[in-house]
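The lines below spell out each chain.
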Amino acid sequence: MSTPNIAIHLPDGSVKEVPQGTTPLEIANSISPRLAAAAVVARLTPLTAPTTTDKKTGDGEGDSEAAMYAAESAAGPRLADLSTPLTADVKLELVKENDPDALKVVRHSAAHVLATAVLELFPETKLGHGPATDAGFFYDFYREKPFTPEDLEAIEKKMAEVVARDESFVREYEPREQALKEFEKDGDFMKTHFVTKFTEAGSQVSFYRNGKFVDFCRGPHVPSTGRVKAVKVTKVAGAYWLGDEKNPQLQRIYGTAFFSKKEMDEHFARLEEAARRDHRVLGKQLDLFSIQELAGAGLIFWHPKGGIIRKVMEDWMREECLRRGYQLVYTPHVARVNLWQTSGHEGFYAGNMFTPMELDDAMYRMKPMNCPFHILIYKNSPKSYRDLPARYAELGNVYRYERSGTMHGLLRVRGFTQDDAHIFCMPSQIEDEVVACIDFAEAVLKTFGFSEFKVELSTWDPNDRAHYVGSDENWNFATRSLENVLKAKGIPYKTIPGEAAFYGPKIDVKLVDVLGRLWQLSTVQFDFNLPARFELEYVGEDGGRHQPVMVHRALFGSVERFFGVLIEHYAGAFPLWLAPVQAGLVPISEKHTAYAAKVEAELKAAGLRVEVDARNEKMNAKIRDFALQKTPYILVFGDKEEAAGAVNVRTRGKTEQASMPLAEFIAKAKGIAASQSTEL
C-alpha cells in the first residue's frame, strides 16, 4: 500500500507534495544541499486554526521548566527537529543561524553538551534541567562536593571534546511508567519530579540522546553536537531545588553559546561595555542615589544630583500630561484592605503586596497600584458623557513586595514612583484614547533619546479562568480594540498569549538601548473589570446610566527604573537638559574668584545649573574632577578671559577647546537645553 502524500507550503508560496513521514531535512536537501547544511531547525505552522489557545511558556529561569517539558502545543508556529517526520499538511520554514530562535536552540543544545561533560567527569552527579535563557543557558546539578574553578575548566575542555565528536541529537520515546521506574531506581529525584509533573499517565515520554548521554526533554535541538561551534562556561552559583530553601541546594552552572567565535567575542565585548555602564556603579561614582542597609533593601535614596534629574523628568512628564488633557491628582500611600478586596488585588495580587497593618479602626495595606484611588476620585461625583474622557495622572509612590534575592539596583525595587494615569471613557472613545497613549509613549522615548522600540500585545488564556476575570465578550472586545490601534498605526507587534493582566489585555512598549538591549517600561492596559467592580457610571446622551471602560497607562513605567535605564543608556553622560551640573566653572587661580562669581550668577540667571570649583587646587585637577563627573561643559577662565568677558569652553567628548564671549556660550547652552538635544 502506497504512503499518502502531504502538502508542504514553503515561504516563497510554492507547495511541495511529499510522502507522509518525510522530514524537513529531506525537503531541504531536495531544494538545495547548501540550504540543508545551513538549516538549524524547522518552524512548522498548522494550516488549520487550533480549537484551543495554549498558554505561553517562556524561556527565562523562572518559567523554563514548562517550556522544556510540557506537551507540545497544537497551535503554531512551533520549532521542530530537522529529523521530525511530517504527518500532515503544514507550513514549513527552515530556520537558519541568523534567526533569533536558532540561537535559543543552539543554547539549549549546549546545555545538553554541558550535562554530557559533567556526567563523564563526575558520574555521581544528578541532573536537574538545562534551559536556554536570554543570555545563554544553565544546567542545575546535585552533587555533594562543590564544583571548583578547576572543575569548570575541566568541564569546558570536556565540552569541546563532546562538540568535536559531532554526536547526533536523536529523539527517542519511552513509556512514562518505565521512565519513572528507571529514574527512581537511579535516585534521579529531579527528573522523577519533571516526568511526574509534565507528563500524563500512559503517555510516551520524550528523551534526547547524544552518544551515551540521554536526557528527558521535548527539544528541539540542533542536528548534532558539532553545531555548537562556540561555547563557554561562565560561572557556577547556588540554587535551591524548586526555589525552596528547605530543599537540597543545587549547583547551577551557567554558560553561553553562539554559532561562531566572532559572535561570542562580540557578546563578551557587549558584556564588558554593559558592566562599564552599570547604573549601580555609576550611581555611586556620580553620587546620584543609594540604597541604605539600615533602611532596607529595595528602597531608593535620591541624592541631590539624582534628585535634580528626577525633577527634570517629572516636570517634563507633568507638563506634557497637562498639555495632552490630563488632570493631575495625588492620592494616599495606604488604604483599608476593603478597598483591595473590592478591586480584586487582595485575591489576584496579594503575594506582591506588603503584609497588612492593623490599626485601631481597620486593617490597612500599602498601595501596590494607584488605580483604585483614581477610581474613587472618579466615583466621588456624578459623571456625564460630556465629562468623558476623564484622564487622571499621578506620579504616585507604590510599594510591592519583592523577595530579597530578586532586587537589582534601581531596576527592581520595593518602593517606587509610577507615572500612572487612568482614563475613563465611553466604549466608542477607547481606540482614540489608546492611540493617544501610544503617541505619548513614542514621545517619551524620542524625547529621552531612544529611537527604537518593540511592541508586544499580551492577551488572555480563555482556558485559565482562575487567573482572569470577565466574559469572553469583554475580552474579545478589549483585545480587538488594541489590535485595531496597532494595525491602524502600522506598528509591528508580537502577540503573547496568556500574559495579560487579570483585568484585561495590554500593549507593552519595550525600548531598545544603545547596546541593543530590550527594556520593558511603557505599558497601556485595557480594563473592563474595575469599572464593573466599583459600579462606575456615567449618564449617556440618551439619559440612561452606562458603565465606562478604563485605560491604565504608565510611560516611564517607574521613575526609578527609567532613571536606571537612562544611566546605562548614556553611561552617565546625560544630555545637557538632563545633566545635574550643566557647566563646571574652573577659575585658574584665587584672584579670579570674583569673575567666577559673576559667571556663575549670569549662568544661573539664564536658568543653567552650574558648580564652581573654588578649591586651592591646580587647574588640571579641577578639570579632571569635572570630567570624571561627566559634566557637559567645563568653563576655564583666567586673566585673558576675564578681560574679554569670555570663557574657555571644554566640551565633553571633544578634544578641541574654544574661547567665546560668555553671552555667546549662554545663548548656545540655553538653545541646546531647550531643544532637549542629545548633542553638545
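Residues numbered from 1 in each chain as written. Predicted model: local features only at pLDDT ≥ 70, side-chain atom pairs only at ≥ 80, totals over all residues. Heavy atoms only, no water.

Caption draft 1: Geometry of unusual backbone geometry. Here the residue pair G219 and P220 is connected by a cis peptide bond, since its omega of 0 degrees sits within 30 degrees of zero. Tracing the sequence through the fold places P220 in the loop between β10 (213-216) and β11 (230-240). Note that the residue after L388, namely P389, is joined by a cis bond; omega there is 0 degrees. Position of P389 among the secondary structure elements: in the loop between α13 (371-379) and β19 (390-399). Of note in this structure, D166 is not a glycine but carries a positive phi near 50 degrees. As for its position among the elements, D166 is in the loop between α5 (149-165) and β8 (170-175). Residue L242 is not a glycine yet carries a positive backbone phi of 60 degrees. (Helix = DSSP H or I, 4+ residues; strand = E, 2+ residues; numbered from the N terminus.)

Caption draft 2: Examining the packing of helix α10 (residues 304-323) against helix α17 (residues 559-570) more closely. One way to put it is that α10 packs onto α17 with a least axis distance of 11 Å and a crossing angle of 110 degrees. Relative to α17, the element α10 lies roughly perpendicular. By crossing handedness, the relation of α10 to α17 is classed as right-handed. Across from G306, I309, R310, M313 and E314 in α10, the residues of α17 making contact are V559, E560, F562, F563 and L566. (Axes fitted to C-alpha atoms, helices over the stretch in contact; angles between N-to-C directions. Parallel < 35°, antiparallel > 145°, perpendicular 65-115°, else oblique. Left-handed = near helix turned anticlockwise from the far one by under 90°. Contact = heavy atoms within 4.5 Å.)

Caption draft 3: The arrangement of the environment of E473 in detail. Topologically, E473 is positioned in helix α15 (residues 472-488). Residues E473 and I623, 150 residues apart in the sequence, show an inter-C-alpha distance of 65 Å.

Caption draft 4: Layout of the nonpolar core. Residues M313, F448, I507, F562, F574, L603 and F665 are the most contacted members of the largest nonpolar core, which totals 88 residues. Top element by residues in this core is helix α14 (residues 430-447). It accounts for eight residues. Not counting the four nearest positions on each side in its chain, F574 is found in contact with L288, I309, F563, L566, I567, A579, P580, P632 and R652. In this structure, A102, F147, F213 and I253 belong to the second largest nonpolar core, which totals 35 residues. (Core = buried A, V, L, I, M, F, W, Y, C linked by side-chain atoms within 4.5 Å. Buried < 20%, exposed > 50% of the residue type's maximum accessible area, 1.4 Å probe, protein only.)

Keep in mind these values describe shape, not function.
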